[in-house]
Amino acid sequence: MTAPVSWQPHKYLPMTAEERDEMLRAIGCSTVEDLLADIPVQVRLRRALNLPPDLAEADLLAHLRQMADRNGHADRLICFLGGGAYDHWIPSAVWHLAGRAEFYTAYTPYQAEVMQGELQAAYEYQSMLCELTAMEVANASMYDGASAVGEAAVMARDLTKRNAVVVSTAVHPQYREVLRTYTRHLGIRIVEVPYQAGLATPERVAAAVGEQTAAVIVQSPNVFGCIEQGRALAQIAHEAGALLIVAVAEPISLGLLEPPGAYGADIVAGEGQPLGNHLNFGGPYLGMLATREAFVRRMPGRLVGATTDREGRRGFVLTLQTREQHIRREKATSNICTNEALNALAAGIYMAALGRTGMRRVAEVNARRAHYAKQRLCAIPGIRPAFDAPTFNEFVLHLPVAPGDLNARLVEYGFLGGLALGRWYPDLADGWLVCVTEARTRAQIDALADVVAQVVRAS
Amino acid sequence: MRMDNVPLIFEYSVPGRVAVALSDPGVPEVPLEAIVGAEHLRREPAALPEVSEPDLVRHYTRLSQRNYAVDVGFYPLGSCTMKYNPKVNEDAARLPGFARLHPNAPRELAQGALQLLWELDRMFCEISGMDRVTFQPAAGAHGELTALMMIRAYHEDRGEQRTRVIVPDSAHGTNPASAAMCGYTVVTVPSDARGNIDRAALRRAADGSVAALMLTNPNTLGLFEEHVVEVAEIIHGCGALMYLDGANFNAVLGITRPGDQGFDVMHLNVHKTFSTPHGGGGPGAGPVALKQMLEPYLPTPTVERDGDGFRLDDERPKTIGRVRAFVGNFGVLVRAYAYLRTFGPLLRQTSEAAVLNANYLLQRLRPYFDLPYDRTCMHEFVLSGRRQKTQYGVRTLDIAKRLLDYGYHAPTIYFPLIVDEAIMIEPTETESRQTLDAFADALIRIAEECETDPETVRTAPHRTVVTRLDEVAAARNPNLRWRPPTKAGVTR
Amino acid sequence: MYPDDRRYTREHEWAKRENGRVRVGITAFAADRLSDVVFIELPQVGAEVRAMEPFGVVESVKAASDLYAPVSGRVVEVNRALVDTPELINQDPYGAAWMIVVEPSDSSAWEQLLTAEAYARLVGAEGA
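Residues numbered from 1 in each chain as written. Chains lettered and ligands numbered in written order. Predicted model: local features only at pLDDT ≥ 70, side-chain atom pairs only at ≥ 80, totals over all residues. Heavy atoms only, no water.

Caption draft 1: Expanded view of the interface of chain A and chain B. With 192 residues of chain A at the contact, the number on the chain B side is 211 residues. At the boundary of chain A with chain B, total buried surface from both sides reaches about 17800 Å², with 61% on carbon and sulfur atoms. Between chain A and chain B we count 16 salt bridges in total. Between Arg47(A) and Glu126(B) there is a salt bridge, with the nearest N and O atoms lying 2.6 Å from each other. There are 102 residue pairs in polar contact (both at pLDDT 80 or more) connecting chain A and chain B. Counting residues per element, the side of chain A that touches chain B draws most heavily on helix 11 (residues 341-378) of chain A, which supplies 25 residues. In terms of residue class, the side of chain A that touches chain B is built from 95 nonpolar, 50 polar and 47 charged. (Contact = heavy atoms within 4.5 Å. Buried area = accessible area lost by both parts, 1.4 Å probe. Salt bridge = Lys/Arg side-chain N within 4 Å of Asp/Glu carboxyl O. Polar contact = N/O pair within 3.5 Å; in protein donor to acceptor, adjacent residues only side chain to side chain. Helix = DSSP H or I, 4+ residues; strand = E, 2+ residues; numbered from the N terminus. Nonpolar A, V, L, I, M, F, W, Y, C, P; charged D, E, K, R; others polar.)

Structure, rendered in C-alpha cells:
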C-alpha cells in the first residue's frame, strides 16, 4: 500500500479526502496512483512542482494590484496614444451585460437549443457589422485585426486562384508582418507599395497590380490616420481582376466615413477593439471579417444563421460548418476554432447602445476633437503636419524634438503621448502619431498643447 | 429559462431612441467636409438599432438567460475542460492597471504587465518541462500554427526541406488544418486496439520527409499514450520533432511533463487547463512552450528580462514573425496567472481530482453504454452509443439532446471520429461527487428511455426554449443577418 | 439495385455513356450517406477534368465530399439546376441530379470503372 497522499482542501475543488477514498473504493482502487498506471514511470515527475506557494484571495489581489499599479495605464495618464488600439469611452451597460456569467462561462454554442442567447447575440453582431461596413455578410469574429487581414489574403487567393497580394506600406506594420507570416508557406507573394504623402496612391497601386494579383490591401483610415481614396483603389483592383481588401483598425470611423462596402471593397478585415472592448495591453480584441454574399463559402471562421425549429419558431444555429476544420480538416478554409465571441458580444452591445445616431455622433466628436488638437499642436512653432490628406482621429506631426524624449517628458505631466513612428518608419524618425478620441476633452487637449509647447520651446 | 421568443434588437428599434449620452464636441465648429473631405463622408447612417438603455439591458439579460454556462450547471463537454472559472480571476483582469493599459505604451510604463508575463513564462515552463514560452497565439489552433511554423523554420535553418506532418486518426480537426496552413502534407496514422497510436504504422510513415508528429496526450480517447517514449524515439530517429496538442493537459499537471516525455513543443489551452472562461467560443489564449533548440524561431515580440526590468524583444533575426498584433491575449493570461498563484504546487491535486472524477463517472456509466477502449481513463472517457442505435434506433445525437431536457449540457458527440456514435465525457475536477451522481442517474435514465420510450428521446429536446432547429434549411438558404425593411416596408 | 446502364467509381460516382459523351452523377448510396445535400460546387462548361481527380464538391450539414471524375475530358454540360435545388441529389440521384457531361479525351478510363454488380459488392462491403 502506498501511503495516502496529502489532500488539501481547496476552494475550487469540492472533493474532500473522505470522498476521494470513497470514490476510489467505488472503482476498486486504493490510491489515485492506481489510476495513473498507464503513465510510464520514467516520465513521471518525482517531485512537487516548483511553483510559488498558493496565495489566499486577499493576498493574491494585493499582489496583482501591486503589479497592475506599476503600469502607466489610461486611468492614470491622459491617453493620446493609438496606433491600432484606441481608448474610447465604453458605456457602463456594455460590460455589465457582456460580463454576465451566462455569457462568459459558456462554451462555443454546439448545442443550439440551450445556446440561443449567444447565437442570437452573434447573429445580431454579424448584422450590425454588416450595417456598419455596408458589406453583405460578416462572420462571428476572428482573433484580431492583423490575423483577419492575413486570413483575408488567403481567402482572396482561394477566390481568385491568383498568388500575389499588393499591400500598401500605409497598412499597420504589425498587420503586414502577420500577413507575411500567414502567407509565407502558401505560395503567396507579397508586393509592398510604398506610401506617398501618407497614402496608398492610385498611381503606385496601379503600377503594382498585375494578372497574378489576388488582392489589393489598404487600410483606411490608414496607419497614419489618413483616409484613403477607396473608390479609386477599388476600381484599380477590379480592373486587374483582383479583390480590394480594406483593413479597418478604427471602426468608429465608419460612423462618419463612407463605409468600404459603398466604395467597392470585397473584403473588410479589421480590428473590433474600439467597439466596446478594453485596451487590455493588446488583447483579447476581436478580428472583424465581412465580405460579399457570393464569397461566403470561402470565408474562414464561425457563422451564425437564422432558421426555425419544429414548431416553426425562429432560432439560430452555427451554419455552413463544412468550411471549418472540424469537418473539412486539412481542406478547411482556416484552422480557426476558438474565436473572440465574448469580445464580439461586447462589440454588438456597444453598436446597439450607440445605435444609428450615436455611432454617427461619437465618430463626429472624434473627428472634431482630433481636428482641433491637430490645429492646436500645429500652431506650436517647429511642429507641422506630416501629410496633407484628411484624417479621422489620428494624425502624424513632424516634431522638432525626438518623439520619444517628448513622450518621456509628457509622462511627468500626466500624459501618455503619441506613438514615436521612427521604429516602424525610419523615414519618419521625427514623426509623432497622435490619437484623439471622444474620451479626450477640450481641456485635456489644451493642456497637452500647452505642455508640448513648453517642452519644444525649452529644447 | 424563458420560453417566449426574444425579438431581435433591431425589432425593438424606435427612431430617436438612444442608449448613450455623449458630450458635445466642445471645440470650435468646423464643417465636417473641411475635416474629413466631402467625398469621404458617409451618406446614410448605419442602420443600427435605436433603443434606450433599459431596452438594451433587458434584451441582453434575456438573451443571457437563454444560455447554458458553467455557472449554470454541469458542462461535461469532452476535450473542452469546462471547469469552474474563478471570480477573482475576473477581478484581476479588470484591474485598471491591466484592462486600461495601452499595448503601445513604452516599456517603462508596462513593467507590471511584463513582469506578470515573465513570471507566467517561468510557471508554464516548470509545468510543461519546456524552456521558453511565446504568448502571441490567441487560441489553441493559433498555437498549433505558430509551433508548426517554428518547426518548419528549424528544419529549413538546418538545410532540410521536410514536407509531411503525421497526425493520428483520433486528432482534433485543427491539427491537419494547421499543418495545411503551414504548407505541409498531412499523413494520417491509425490508432491501435488499445487506443494508442499504431507504432508499426508510425514506423512506416516516419522517414526523412517528416517534419513533426502532432500528438494529443492523453489522447482524444482520454487515454495516456503508453508508449510515448518509444514514439518519441521513432520520431526523433527520423529527425522530426514531437508536437503536443495540449488540449488534454489538465489530466497530468504535476504528474508528468510533456518536456520529459520527449515532446519538443506544445501549446497550452489557457481557456481549458488554466480555468479562463471560454466566453461562448472565445477569447482563449494558446501560448506555445518549447525546448531551447526552437527558441531562435520564436515569434516576435518575446518577453525578456533586462536587468531589474523587463522588455519586449522585436529584434530576433530568425523569428517566424508575428502571428497577431501586439503581445497576445494579455487579459486572458492575467486570469491564468491568478489561477496558478491560487494553487501553486497544489496544482497536481486538480489533475488527480479530474482523473478520479472521470474514472468514477465511467464506472457508473459502464454497464449502460459500449466502451470501445476499456482502459483506465485519464481526465475524460469516450463511450459509444452503438448499442442504443442498433437495438433501439436512437442515435447519440438524440441522447445528447435528451440530456438537455434533464438540465445538463451534452457531452462532445461524434468525436473522435474513430469511435462510432462517440460520447466523450469530461467532468473536470471542479464538480462534486453529488453532481456526478446526479448526471450519471440522468444518463442512465435516458439509456432506459431508449429501450422503453425511444420516441421521446428521438424527438428531444422538449423542455428547451426551441426544439430541434432546421440546420438543413439554414445551410441551403443561409440567412446570416437581419436586413432593414425597404422603404416600401418589405424586407429586401 | 444499382442501374446497370452505367458504370461506377469507387468514390460513388456513376458514369453513363450517351453518344460518346459521359454523363456523371453520384449514387443513391452516396447521397444517403451524406444525408440532406445542402450545397454543390460544379465546374464551368469548358473545364478540363481528369479521371479520378476532383471536379467539384458536394456538402451536407455535417459532411463535405469531393466529386471525382470517372473519365478525363472536357466538361460540355453542367447541371446548374442543382446549385439552387441540391435536394434533387437526394430525390433523384440517377436522373434529374446528373451533375456534368464530359467529352472524354481518352476511352481507357472507362474500362477501369466498376459494373453495377461490382459496385453493389463494394458498397455491401462498406457496410451499407
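What follows continues from the structure just given.
Caption draft 2: Summary view of the pairing of strand 12 (residues 422-425) of chain B. All names here are of chain B. Every second residue of strand 12 is oriented toward a common face, with Ala422 and Met424 on one face and Ile423 and Ile425 on the other, all of them buried. With four bridges joining them, strand 10 (residues 381-384) and strand 12 adopt antiparallel strand pairing. Bridging across to strand 12, phenylalanine 381 finds its partner in isoleucine 425. When strand 11 (residues 412-413) meets strand 12, the two strands line up antiparallel, connected through two bridges. The partner of threonine 412 across the bridge, within strand 12, is methionine 424. (Buried < 20%, exposed > 50% of the residue type's maximum accessible area, 1.4 Å probe, protein only. Pairing = 2+ DSSP bridges.)

Caption draft 3: Layout of helix 2 (residues 53-64) of chain B. The end-to-end C-alpha distance of helix 2 of chain B, which contains 12 residues, comes to 16 Å, matching closely the 16 Å that a straight helix rising 1.5 Å per residue would cover. Taken together, the buried positions of helix 2 of chain B are occupied by Asp55(B), Leu56(B), His59(B), Tyr60(B), Thr61(B), Arg62(B), Leu63(B) and Ser64(B). Packing partners of the buried residues in helix 2 of chain B comprise helix 3 (92-98), helix 4 (101-104), helix 5 (116-133) and helix 11 of chain A. (Expected span 1.5 Å × (residues − 1).)

Caption draft 4: Molecular detail of the interface of chain C and chain A. Counting residues at the interface gives 11 residues for chain C, matched by seven residues for chain A. Taken over both partners, the interface formed by chain C and chain A buries close to 700 Å², and the fraction arising from carbon and sulfur atoms is 41%. Taken as a group, Phe39(C), Glu59(C) and Lys62(C) account for 44% of the area that chain C buries against chain A, more than any other trio of residues on that side. Between chain C and chain A we count four salt bridges in total. For Lys331(A), the salt bridge identified is with Asp66(C), shortest N-O distance 2.4 Å. Scanning the region where chain C abuts chain A turns up five residue pairs in polar contact (both at pLDDT 80 or more). Its residues placed into classes, the side of chain C that touches chain A shows six nonpolar, one polar and four charged.

Caption draft 5: Expanded view of the sheet that holds strand 4 (residues 210-216) of chain B. All names here are of chain B. Strand order in the open sheet formed by seven strands is 1-7-6-5-4-2-3, and the pairing between neighbours is mixed. The sheet is open, and its two edges are formed by strand 1 (132-134) and strand 3 (185-189), each paired on a single side. Recorded for the sheet is a direction-independent mean angle of 25 degrees between the axes of neighbouring strands. Examined bridge by bridge, strand 5 (residues 241-245) and strand 6 (residues 265-267) share two bridges and lie parallel to one another. By the bridge assignment, leucine 244 is partnered in strand 6 with methionine 266. Running over the sheet, helix 7 (residues 174-181) touches strand 2 (164-168), strand 3, strand 4 and strand 5 and is turned about 175 degrees from strand 2. (Axes fitted to C-alpha atoms, helices over the stretch in contact; angles between N-to-C directions.)

Caption draft 6: Quick look at the packing of aromatic side chains. Tallying each qualifying case throughout the model produces 27 aromatic pairs over all chains. On the basis of an interplanar angle of 80 degrees and a centroid distance of 5.2 Å, the ring pair of Tyr408(B) and Phe439(B) is categorised as edge-to-face. Placement of the pair is Tyr408(B) in the loop between helix 15 (396-405) and strand 11 and Phe439(B) in helix 16 (residues 433-452), with a sequence separation of 31 residues. Residue Phe439(B) is classed as buried on the basis of its relative accessible area, which comes to 0%. Relative to Tyr8(C), the ring of Tyr2(C) has its centre 6.1 Å away and its plane inclined at 75 degrees; by these criteria the two rings are edge-to-face. For Tyr2(C), a relative accessible area of 9% corresponds to the buried category. One aromatic cluster is present, formed by Tyr12(A), Tyr84(B), Tyr339(B) and Phe343(B) through successive ring pairs. If you follow Arg152(B) out to its NZ or CZ, it ends over the ring of Tyr184(B), 5.6 Å from the centre. (Phe/Tyr/Trp six-rings, centres within 6.5 Å; stacked < 30°, edge-to-face > 60°. Lys NZ or Arg CZ within 6 Å of the ring centre and 35° of its normal.)

Honestly, that's just the spatial picture; any functional story needs more than this.
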